[in-house]
Amino acid sequence: ISVDRRLLCEAGEVAPGGMLRVQLEGMDPLLVCNVDGKLYAVDDECTHAIASLSEGRLQGNIVFCPLHGGSFDVCSGKAKSLPCKQALRTWPIEVTDGKVYLLLKN
Ligand code: FES
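Residues numbered from 1 in each chain as written. Predicted model: local features only at pLDDT ≥ 70, side-chain atom pairs only at ≥ 80, totals over all residues. Heavy atoms only, no water.

What follows deals with the environment of Ala-51. Here Ala-51 shows up in the loop between strand 4 (38–43) and strand 5 (57–59). Classification of Ala-51 by relative accessible area gives buried; the value is 11%. For the pair Ala-51 and Cys-33, spaced 18 residues apart in sequence, the C-alpha separation works out to 17 Å. (Helix = DSSP H or I, 4+ residues; strand = E, 2+ residues; numbered from the N terminus. Buried < 20%, exposed > 50% of the residue type's maximum accessible area, 1.4 Å probe, protein only.)

Right under this line is the structure:
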């Protein structure tokens, strides 16, 4: 298998405690989160209904949805509170020379 690296953002664009919505061509929008200096990428759309988690709130490793207040662990993708039940998809990333890349396996 080969791995395709796609540039998501500059690491400096996502400060600790911050989130950034990134839309790559041909993909659903992703959410890059900075949890205590470490970056994670998950789907940006809530699995409960149509809402952008980037408009919610990140508290530690938990993102709260702006629409109904459900939450997810952005490190594991797991749903943490109702009405969210289905996990968020998590995406592998790599940080090299201050740039954040999405790793896509072909
Ligand atoms: Fe996110 Fe309902 S759309 S909790």
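So that's the structure; there's more coming.
With that out of the way, let us pick up the sheet that holds strand 10 (residues 93–96). Strand order in the open sheet formed by three strands is 1-11-10, and the pairing between neighbours is antiparallel. This sheet does not close on itself; its edge strands, each paired only once, are strand 1 (3–10) and strand 10. Taking the axes of each pair of neighbouring strands and ignoring which way they run, one obtains an average angle of 30° across the sheet. Note: strand 1 against strand 11 (residues 99–105), seven bridges, orientation antiparallel. Within the sheet, the bridge partner assigned to Leu-7 lies in strand 11 and is Tyr-101. (Pairing = 2+ DSSP bridges. Axes fitted to C-alpha atoms, helices over the stretch in contact; angles between N-to-C directions.)

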